[in-house]
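# Examining the three-dimensional arrangement
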Amino acid sequence: MFLSMNWIKDFVDLSGLDELKLISQFSLSTAEVENDIFFKGSDISGIVVAEIKEIEDHPDSKKLHLLKVDAGDEELTNVVCGAPNVKIGMKTAFAKIGAKIGDITIAPRDLAGFTSYGMCCSECEIGISDDHSGIIDITDDVKNGTDIKEIYDIDDIIFEVDNKSLTNRPDLWSHYGIAREFAAISGRKLKEIETDDLSKYSRLPKVDMKIEDELCQRYSCLQFENISRNVSPVNMRIRLYYCGMRAINFLADLTNYLMLEIGQPMHAFDSRKVEKIRVKRFDKPFTFTTLDNVERNIDENTLMICNGDTPVAIAGIMGGLDSEIVEDTHTLTLESATFDAASIRKSTVRLSHRTDSSIRYEKSLDPELTTLAIARFVKLLKDYDENVKVVSSLTDEYAFHYPEITLSFDKQYVDRYTGINIDSETIVDTLNKLGFKAKNKKDEFTVSVPSWRATKDVTIKADIIEEITRIYGYDNFEINTATAPLYPTRPEKVKKDEDNIKDMLVKRYSLHEVHSYVWNYYDELKALSIDNISEIKLKNASNPNIESIRKTIVPTQLCQVKQNVGFAPQFGIFEIGRAVSGIDENNLCIENKLLTITLYSKTKSVKDLYFELAGIIETVADELKHSAVQFEKGNAEYNFEHPVNLNRIVIDSNDIGKIGIVHPVVSKKIDKRASIVFAEIDMDKFTQIENKSISYSEPSKFPSMEIDLSFVCDKFEPIGNAIKKANCGLIKKVEVVDIYEDENSKSIAVRLTFSHNERTLKREEVTEVTDKIIDELKQKGIELKG
């Protein structure tokens, strides 16, 4: 939100103070100010009021005119001008020779055979609006030669406040609210807002208005006639432009002006089109055309402002096209209302349309503002359009009152929370400057919270402490070391496992840890031909690309691999993140914490990369759980998984995850020449596996015997099962030593290590065991390789 120091100084006298320092103090005490501060008008000089005395058409141009202007000098000045709105007697902004506009210094210039000794300026050229349709038409009675900055507020300091820091402060969405903060920071007095006395219209007839829905908290309105002004005063337009809004017409500009000044959005209806105001919702959806000429779908949950049964505005968001203020509007019905904040926020999401009004309503506006804003509107309207006439009494229906909040605490409470001694007089003075009503009786404080802070901001005693300390100044606190007992805490088991796994993957295997959001990015998945795998979808998602929550992290990592294929010929990434597998009986998401690893290589075969990943998992299980891993045949669930090369990861009969190769279709979309494998482990299941203690045994003093057996088989699983079935205590070690594959067959070579702790083994007893294994495998059709 952009803020004008000129506007703030309307309500608090800051003369003699360093304004930039005050802005910095405001950033420290109240809300974050963005880095850029704009010094409006500082880049222009030498522009004066000049009157056009003579006009001749250029002999060789249809657009150019030859002017003689009176710029307050003894002689008239010759100017070549191409503006279409020039006329004799018109006063305009004139840049004399030597004047500066931005980086341009005005000098005599030849234009189409004639010399121009200056330039007549548009509002856009001097930076007070974006209107460049013609030169400025100054209608005020001003002496020729007067500096333009003497009659208009062109010089100004504009600063921007981060909207996020104002979310809990609806009172700060206005210049008057900001001025209150500046008054408290500087110790200066806050001026009252000048308003009109609405009670003098109490005998006039009321507006036919009724609230028919509880979502409307308060609705105030007033009617006017004999409105003649269409164009806003220049200074009003300048302030609107500096604060990021464009001028439309006088009545629309005035409502926008007051929204920026007081924080209360208002809407002006043409009274000829709105006679009977009703605030309600409709039973059935319908379409409605708003002021921006867009047809919008209105559902049964959206609050509407109606003329009887005919909708004329979306409450709190935008008016309708059919009731807008037009050039011949001379009667006005002014709306000033507050609505339920959650309702407005939900409506803006459904409509995908946020406005300056709705942003303020979403913050829980103070209902007390509605009549103040109308009284201020009447005051300004009469100042700028003297013949205007109020034709109704203030019609006000107050349906919802926020509770009054009074908080009590003692001096010890303040001292304990702040850690410093702030005297009682300073506490009361600070709170009163901020609009609170604070009383002190023997260091016992009673504080009444003002209505503009009681809608959701200040509700507990700790909030009052924040108000005191931020104005006192956090930089004024003495730095002291806190004294408090520190107790060691044992990390949770799952956190300990996570940290150990991360250390191992990074330090030992040089994998890169990544972090990602829980969304499925639809466009990225579609580019890789991966299905959008999700059990949960968001209603009314603001971005359809992220409307579903992931069920597995693997697709997310495949998208990350795709984005980094140029990073290195081979790399690995991992993440311990969350995914959602469904909804429980309480309608809450079932979250699963998953360890996901993906390896990518342009130099290794898929087989080598797969066994490398399997080795990583085996090492993790061995070092953290002292358990062996089994890889059992799995079935592909998703289209990114290879239908054949997918295995379940099993530890002590617990199925904790899967390991596999990426489907060729997806792999080619990522990189046609690369190998990609993945694994995903349920961390909760992994943590629950018992950490077996390490058992030690004395090595045999007698020589061991190694037997190599090579079987014609494409899987190790049946070989391993046959060895287990032999149930021989002499077998101390089993390892795969070689895998051979040709066009016709595949063979696996296994090395069995036999030993006995008390004697040397005989060939016969070892042969007996190996024969059992060979016979068992023969029965399954698996032969020794010849």
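What you see is a predicted model, and the numbers here were worked out from it, not measured in a lab. (Residues numbered from 1 in each chain as written. Predicted model: local features only at pLDDT ≥ 70, side-chain atom pairs only at ≥ 80, totals over all residues. Heavy atoms only, no water.)

Now for the overall build of the protein chain. What the protein chain contains, in helices and strands, is 20 helices and 39 strands. Over its C-alpha atoms the protein chain spans a radius of gyration of 39 Å, topping by over 25% the 28 Å that the globule rule assigns to 786 residues. C-alpha atoms of the protein chain, sized along the principal axes, occupy 125 × 85 × 60 Å. Buried positions account for 48% of the 786 residues belonging to the protein chain. (Helix = DSSP H or I, 4+ residues; strand = E, 2+ residues; numbered from the N terminus. Rg over C-alpha atoms; globule rule 2.2 N^0.38 Å. Buried < 20%, exposed > 50% of the residue type's maximum accessible area, 1.4 Å probe, protein only.)

Turning our attention to the packing of aromatic side chains. According to the stated counting rule, one finds 21 aromatic pairs in the structure shown. Ring centres 4.6 Å apart and planes at 40° place the aromatic pair Tyr 413 and Tyr 417 in the tilted group. A residue pair is termed a helical-turn pair when its members lie 3 or 4 positions apart in one helix, as Tyr 413 and Tyr 417 do in helix 10 (residues 411-418) at 4 residues. Every member of this aromatic cluster is reached through a ring pair, and the members are Phe 409, Tyr 413, Tyr 417 and Phe 445. The ring of Phe 250 has Arg 229 lying over it, and the distance from NZ or CZ to the ring centre is 5.7 Å. (Phe/Tyr/Trp six-rings, centres within 6.5 Å; stacked < 30°, edge-to-face > 60°. Lys NZ or Arg CZ within 6 Å of the ring centre and 35° of its normal.)

Bringing the sheet that holds strand 24 (residues 406-410) into the picture now. Across a sheet, strands are paired by hydrogen bonds formed along the backbone, either parallel or antiparallel in direction. Ordered by their spatial adjacency, 3 strands build an open sheet running 24-26-25, and the pairing between neighbours is antiparallel. A single partner strand is all that each edge strand has here, and the edge strands are strand 24 and strand 25 (437-441). The average angle at which neighbouring strand axes cross in this sheet is 15°, direction not considered. Strand direction decides the pairing type here: strand 24 and strand 26 (residues 444-448), joined by 5 bridges, are antiparallel. Counterpart to Ser 408 in the pairing with strand 26 is Thr 446. Of the strands in this sheet, strand 24 and strand 26 touch helix 10, which is tilted by about 80° from strand 24. Packing of helix 12 (residues 461-472) onto the sheet brings it into contact with strand 24 and strand 26, and relative to strand 24 it is tilted by some 75°. (Pairing = 2+ DSSP bridges. Axes fitted to C-alpha atoms, helices over the stretch in contact; angles between N-to-C directions. Contact = heavy atoms within 4.5 Å.)

In this section: the packing of helix 6 (residues 250-262) against helix 9 (residues 369-384). In contact at an axis separation of 10 Å, helix 6 and helix 9 are set at 130° when each is read in the N-to-C sense. What the angle tells us is that helix 6 and helix 9 run oblique. In this structure, the crossing between helix 6 and helix 9 has a hand that is right-handed. Residue-level contacts link Phe 250, Leu 251, Leu 254, Thr 255, Tyr 257, Leu 258, Glu 261 and Ile 262 of helix 6 to Leu 369, Leu 372, Ala 373, Arg 376, Phe 377, Leu 380, Leu 381 and Tyr 384 of helix 9. Looking at the contact of helix 6 with helix 9, its residues break down into 13 nonpolar, 1 polar and 2 charged. (Parallel < 35°, antiparallel > 145°, perpendicular 65-115°, else oblique. Left-handed = near helix turned anticlockwise from the far one by under 90°. Nonpolar A, V, L, I, M, F, W, Y, C, P; charged D, E, K, R; others polar.)

Two elements, strand 16 (residues 286-289) and strand 17 (residues 295-298), share 4 bridges in a ladder whose sense is antiparallel. Bridging across to strand 17, Thr 289 finds its partner in Glu 295. Counted between consecutive antiparallel strands, the loop separating strand 16 from strand 17 contains 5 residues, among which Asn 293 sits at a positive phi close to 65°.

Let us now look at a negative patch on the surface. Taken together, the side chains of Asp 714, Glu 741, Asp 742 and Glu 743 define an acidic patch exposed on the protein surface. By the secondary structure assignment, Asp 714 is in the loop between strand 37 (705-712) and helix 19 (717-726). Taking relative accessible area as the criterion, Asp 714 reaches 51% and is therefore assigned exposed. (Patch = residues over 30% accessible without salt bridge, like charges linked within 9 Å, V, L, I, M, F, W, Y side chains within 5 Å. Areas by Shrake-Rupley, 256 points an atom, 1.4 Å probe, with all protein chains shown as cover. Salt bridge = Lys/Arg side-chain N within 4 Å of Asp/Glu carboxyl O. Lys, Arg positive; Asp, Glu negative; His and termini not counted. Charge placed at Lys NZ, Arg CZ, Asp CG, Glu CD.)

Here we take up a nonpolar patch on the surface. Taken together, the side chains of Phe 716, Val 734 and Val 736 define a hydrophobic patch exposed on the protein surface, amounting to about 210 Å² of accessible area. If you trace the backbone, Val 734 turns up in strand 38 (residues 731-741). Owing to a relative accessible area of 36%, Val 734 belongs among the partly exposed residues under this scheme.

Looking now at the sheet that holds strand 11 (residues 156-161). Across the sheet, which stays open at both edges, the 3 strands sit in the order 1-11-2 with antiparallel pairing between neighbours. Two strands bound the open sheet, and with one partner strand each, they are strand 1 (2-4) and strand 2 (33-40). In this sheet, neighbouring strand axes are inclined to one another by 25° on average, regardless of whether the strands run parallel or antiparallel. Direction of pairing for strand 2 relative to strand 11: antiparallel, over a ladder of 5 bridges. When the sheet's bridge partners are listed, Lys 40 is paired in strand 11 with Asp 156. Relative to strand 2, helix 2 (residues 19-29) is tilted by about 155°, and along the sheet it contacts strand 2 and strand 11. Relative to the sheet, helix 4 (residues 175-186) contacts strand 1 and strand 11, its axis offset from that of strand 1 by approximately 65°.

Low pLDDT marks stretches whose predicted atomic positions should not be read closely. Per-residue confidence for the protein chain gives a mean pLDDT of 93; residues scoring 70 or more make up 100%. The secondary-structure element of the protein chain with the lowest mean pLDDT is strand 29 (residues 534-537), recorded at 86, while helix 1 (residues 5-8) shows the highest, at 97. (pLDDT = per-residue confidence, 0-100.)

Turning next to the packing of helix 10 against helix 12. The interhelical angle for the contact between helix 10 and helix 12, taken along N-to-C directions, is 70°, at an axis separation of 10 Å. When the axes of helix 10 and helix 12 are compared, the pair comes out roughly perpendicular. Considering how the two elements wind past one another, helix 10 and helix 12 form a crossing that is right-handed. Residues Tyr 413, Val 414, Tyr 417 and Thr 418 of helix 10 form the contact with helix 12, whose participating residues are Lys 461, Ala 462, Ile 465 and Thr 469. A per-class count over the contact of helix 10 with helix 12 returns 5 nonpolar, 2 polar and 1 charged.

Looking only at helix 2, the buried set comprises Glu 19, Leu 22, Ile 23, Phe 26 and Ser 29. Summarising the axial view, the buried residues of helix 2 lie within an arc of 135°, below the 170-degree limit, and thus occupy one face. Seen from the open side of helix 2, the exposed residues pointing more than 90 degrees away from its buried face are Lys 21 and Leu 28. Here the buried face of helix 2 lies against helix 1, strand 2, strand 11, helix 4 and helix 12. Of the residues flanking the start of helix 2, the one acting as N-cap is Asp 18, its side-chain oxygen 3.1 Å from the backbone nitrogen of Leu 20. (Arc of directions from axis to C-beta. Polar contact = N/O pair within 3.5 Å; in protein donor to acceptor, adjacent residues only side chain to side chain.)

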